[in-house]
2 protein chains.
Amino acid sequence: MYALKGNIIYAAECGELTVVQNGHIGVDGERVAFVSGTLPKAYQDIEVKDYGDRLIIPGFCDLHTHAPQFENIGLGMNLQLLPWLNQLTFPTEAKYADKAYAKEKYAHVISEFYRFGTTRAVLFTTVHEETAQVLVDMMEKSGICAYIGKVNMDSNCPEFLCEDTEKSLAETRAFFERNKDNQNVKPILTPRFVPTCSREMLKGLGKLAAEYHAPVQSHINENLDEIRWVGELFPEAEHYADVYDRYGLLNDKTLMAHCIHMKPEEIEMLAERGVYAVHCPQSNVNLASGMMPLKPMMEQGVRIGFGSDVSGGHVVSMSEIMVLAMQVSKLRYQQNPEEGFLSFAEAFYIATKGGGSFFGKVGSFEPEYEFDALVIDDASLGKNGESDMIERLSRFVYKGDDRNIVARFIKGREIQPPRFD
Amino acid sequence: MYALKGNIIYAAECGELTVVQNGHIGVDGERVAFVSGTLPKAYQDIEVKDYGDRLIIPGFCDLHTHAPQFENIGLGMNLQLLPWLNQLTFPTEAKYADKAYAKEKYAHVISEFYRFGTTRAVLFTTVHEETAQVLVDMMEKSGICAYIGKVNMDSNCPEFLCEDTEKSLAETRAFFERNKDNQNVKPILTPRFVPTCSREMLKGLGKLAAEYHAPVQSHINENLDEIRWVGELFPEAEHYADVYDRYGLLNDKTLMAHCIHMKPEEIEMLAERGVYAVHCPQSNVNLASGMMPLKPMMEQGVRIGFGSDVSGGHVVSMSEIMVLAMQVSKLRYQQNPEEGFLSFAEAFYIATKGGGSFFGKVGSFEPEYEFDALVIDDASLGKNGESDMIERLSRFVYKGDDRNIVARFIKGREIQPPRFD
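Remember, predicted model here, so these are calculated numbers, not experimental data.

**Observations regarding the interface of chain B and chain A**
Then, number 1: Listed per partner, the contact involves 47 residues of chain B and 47 residues of chain A.
Then, number 2: Carbon and sulfur atoms supply 48% of the area buried between chain B and chain A, which totals about 3,800 Å² over both sides.
Then, number 3: Run the count over chain B and chain A and you get 2 salt bridges.
Then, number 4: Residues Asp402 of chain A and Arg403 of chain B are paired through a salt bridge, measuring 2.7 Å at the closest nitrogen-oxygen approach.
Then, number 5: Applying the counting criterion to the chain B and chain A interface returns 19 residue pairs in polar contact (both at pLDDT 80 or more).
Then, number 6: Of all elements in the fold, only helix H2 (99–116), helix H9 (281–286), helix H11 (318–335) and helix H13 (389–399) of chain B reach the threshold of two or more residues within the side of chain B that touches chain A.
Then, number 7: Top element by residues in the side of chain B that touches chain A is H11 of chain B. It accounts for 9 residues.

**Details of the relation of the copies chain B and chain A**
Both copies of the chain are related by one operation, a rotation about an axis with a shift along it.
Then, number 1: The operation relating chain B to chain A is a screw motion whose rotation component is 180 degrees, with 0.0 Å of axial translation and a residual RMSD of 0.0 Å. What the superposition gives is, in effect, a two-fold axis relating one chain to the other.
Then, number 2: A share of 100% of interface residues in chain B that are also interface residues in chain A marks the association as one of identical surfaces.

**Examining the confidence of the model for chain A**
Then, number 1: Per-residue confidence for chain A gives a mean pLDDT of 97, with 99% of residues at or over 70.
Then, number 2: On the interface metric, ipTM, the complex scores 0.97, and its pTM is 0.98.

**Structural notes on unusual backbone geometry**
Then, number 1: Residue Ser311 of chain A is bonded to the preceding Val310 of chain A through a cis peptide linkage, with omega at 0 degrees.
Then, number 2: Looking at the element boundaries, Ser311 of chain A is found in the loop between strand E14 (303–306) and helix H11 (318–335).
Then, number 3: Unlike most non-glycine residues, Glu368 of chain A shows phi in positive territory, near 80 degrees.
Then, number 4: Along the chain, Glu368 of chain A falls in the loop between helix H12 (344–356) and strand E15 (373–376).
Then, number 5: Non-glycine residue Asn221 of chain B carries a positive phi angle of around 45 degrees.
Then, number 6: Mapping Asn221 of chain B onto the fold places it in the loop between strand E11 (216–220) and helix H6 (224–233).

**Remarks on the sheet that holds strand E3 (residues 31–36) of chain B**
Within a sheet, neighbouring strands are paired by backbone hydrogen bonds and run either parallel or antiparallel to one another.
All names here are of chain B.
Then, number 1: Taken together, 7 strands build an open sheet; the order of strands is E3-E2-E1-E4-E15-E16-E17 and the sheet is mixed. Looking at which strands have only one partner, the edges of the open sheet turn out to be E3 and strand E17 (413–414).
Then, number 2: In the packing of helix H12 (residues 344–356) onto the sheet, contacts are made with strand E1 (2–13), strand E2 (16–28) and strand E4 (47–58), and the angle to E1 comes to roughly 115 degrees.

**Examining the packing of aromatic side chains**
Then, number 1: Inspection of the entire model under this criterion finds 31 aromatic pairs over all chains.
Then, number 2: When the ring of Phe176 of chain A is compared with that of Tyr212 of chain A, the centres are 5.3 Å apart and the planes differ by 50 degrees; the resulting orientation is tilted. Taken as a pair, Phe176 of chain A in helix H4 (residues 165–179) and Tyr212 of chain A in helix H5 (residues 199–212) lie far apart in primary sequence, 36 residues in all.
Then, number 3: Using a relative accessible area of 16% as the deciding quantity, one classes Tyr212 of chain A as buried.
Then, number 4: For Arg199 of chain B, the ring lying beneath its charged end belongs to Phe234 of chain B, and the centroid distance is 4.4 Å.

**Side note on the state of the cysteines**
Then, number 1: Following the criterion strictly, the structure yields 0 disulfides over all chains and no others.
Then, number 2: Just so you know, Cys14 of chain A is unpaired, no disulfide at all, and the nearest cysteine sulfur is the one on Cys61 of chain A, 14 Å from it.
Then, number 3: According to the relative accessible area criterion, Cys14 of chain A is partly exposed, its value standing at 38%.
Then, number 4: Cys162 of chain B takes part in no disulfide bond, and the closest cysteine sulfur to it belongs to Cys157 of chain B, at a distance of 3.8 Å.
Then, number 5: With relative accessibility at 34%, the residue Cys162 of chain B sits in the partly exposed group.

How each quantity is defined
Residues numbered from 1 in each chain as written. Chains lettered and ligands numbered in written order. Predicted model: local features only at pLDDT ≥ 70, side-chain atom pairs only at ≥ 80, totals over all residues. Heavy atoms only, no water. Contact = heavy atoms within 4.5 Å. Buried area = accessible area lost by both parts, 1.4 Å probe. Salt bridge = Lys/Arg side-chain N within 4 Å of Asp/Glu carboxyl O. Polar contact = N/O pair within 3.5 Å; in protein donor to acceptor, adjacent residues only side chain to side chain. Helix = DSSP H or I, 4+ residues; strand = E, 2+ residues; numbered from the N terminus. Least-squares fit on C-alpha atoms with pLDDT ≥ 70 in both. pLDDT = per-residue confidence, 0-100. Pairing = 2+ DSSP bridges. Axes fitted to C-alpha atoms, helices over the stretch in contact; angles between N-to-C directions. Phe/Tyr/Trp six-rings, centres within 6.5 Å; stacked < 30°, edge-to-face > 60°. Buried < 20%, exposed > 50% of the residue type's maximum accessible area, 1.4 Å probe, protein only. Lys NZ or Arg CZ within 6 Å of the ring centre and 35° of its normal. Disulfide = S-S within 2.5 Å.

This is the structure we're talking about:
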């Protein structure tokens, strides 16, 4: 057992920040034991890591991103979803058939999560089960916790990525069997999106979801052309969400990225099933997809996390994603004042406890939460006499960067820069 | 005379990038002499600074920002324009009556321009003529070129900032007399915005504009409440732009920040007068002001520059401002496909030659242009074999930061990190 001392800030409720200035967080094994101004009597003898005037906040959670696309960050930004997939993304993903190539590129991905203080992540890889396993093994060593999916796609995609349905399902089962008991890095079912999945594929994945009580990740309602296409491919479905639902893929361990052009019935369905809507604002604006109805969906009880969605999104930093989420929300608000807009405290909640809840008791400093934390040194950002702790946190989020993150803890342990041989 | 060698990229036309891989830029005094693949015969003996595989691009131009508000970056981001002014901005600006305070804070401002590769800037200070002069003197020493304005406001503002009209005009004249022959840092007329200026103030500034052929900067059509207020204060005017125009404040050396909620007649008026519309996307989304009709205004021939508008904007980096300008433009496009959206090449043009034209022949590497340049080391950003120079530039703009800028030239001279004693 040990304690960290510093200026502690976390969000136990959406829209509220708890501040303990000059306080202590007690850590027992992997979990938070207490948060307290002074060290409680029973714990007088434990080691205290004193971070002085620095800020201590929960680690960031990224619920949607694509590991093989990190190499494309900043490229193809004049394209929209479907041409962007065909011209840029699919040809890149094909390279991940090669193990040595994947190893080199995935090392960079993990280093970027470390650098930007992302302590939990959920990732797409590619269709290649063998290199998906490479990422699992490397991530497990890094100490960063993750769900990683081998992508399934057997329709409407280039031949060089198109899978045989049976083989894809068998590999997915093998991937689950091999990784289901991992410590930090777990498997997740990953149909790419409806257009690239046959009915047989969706059915098979639905069966696996039921058998393993497996988490699921995919995309929904990102782009108007995509949505029209889904309507043509699955005329029997009521709407996009209904396609996933018919195959048992919407449950309380499901992540659905984007959720931009949502029918009211779809929002209702996501709320009822306990599905997470993963908001990826960088991607949504880069690909001219649109503005997610974030506040209305929060209002209706849909669970929300943020995703970097690299490389539709060009940003790994959850701080920058928080900022753009607030900005996009304010643009919607300017057009629809009745919606209100995302506050700083709400954005911070989503980036920590909101997304963290997908991993269990994660993303907060309440007792029994797994202890993931970042130590922020904001001395270089300029201080005013008047600055309170929330102002300092806000200044870090808007103005700071990875240079201000001076320590990272995951599950109670300080992690070091990842190394790969 | 000397030359720089490297991968040269610049935008001589809006929407087109010129690339000279492994090329030379010849610099004669303050100006570009030539750009060429190999060193021309006549110049075989000049010194060559070899930057190897690095990129060489024009310096960035920031046409609108507020020096005293840098200390507020990241604060007050849940407010909109008018409450934001009253609760946060005006109380901060009052502190700049104090010379020692201003000196300390303005040193940080200049360091930030240096850091982010802003080689030209146009700045608001505060109503305090004495500390506006402090900034002029410090900036002149730094080598960064700027227009700096002492703010005029005599109406509808807190008593502690409200000026006597005659005194304000007299101080403005003195500020012009003192600085009109400066080398790098010139004065600019700076009515804050219509609501804080009486008719007498606007009339007096119009006279100074005519007398000194003076440049002018102000704000227009940022926020709907502001626009309603202007309508109440100046019922005789056709619209917001007409208020400035009646007092002779719209000319081809005028900068008007924001231009969000524009009447068609106002866009026409700006185009006719040769006024620059300064697009400040970070500020416009942070303060929930709205989305500027950027592409339609470009279409109609309005001259365009970018502004950081600190601290409505929280970002000094012109790269990040380019990115958000493209993003906001894509959100407008998603709603109004007929508008098209801002391409990367267009954004880069605006950030360099578009804004630079306010300073004369600035922002390009065409012959006779003043030589402002940044040297970009993008090795840390990851390269693909296929990456061409434009992809590398795009990756720097989207993914890079100040760490990738390894040298800065202004008017032919390499500048060093600013120091102030």
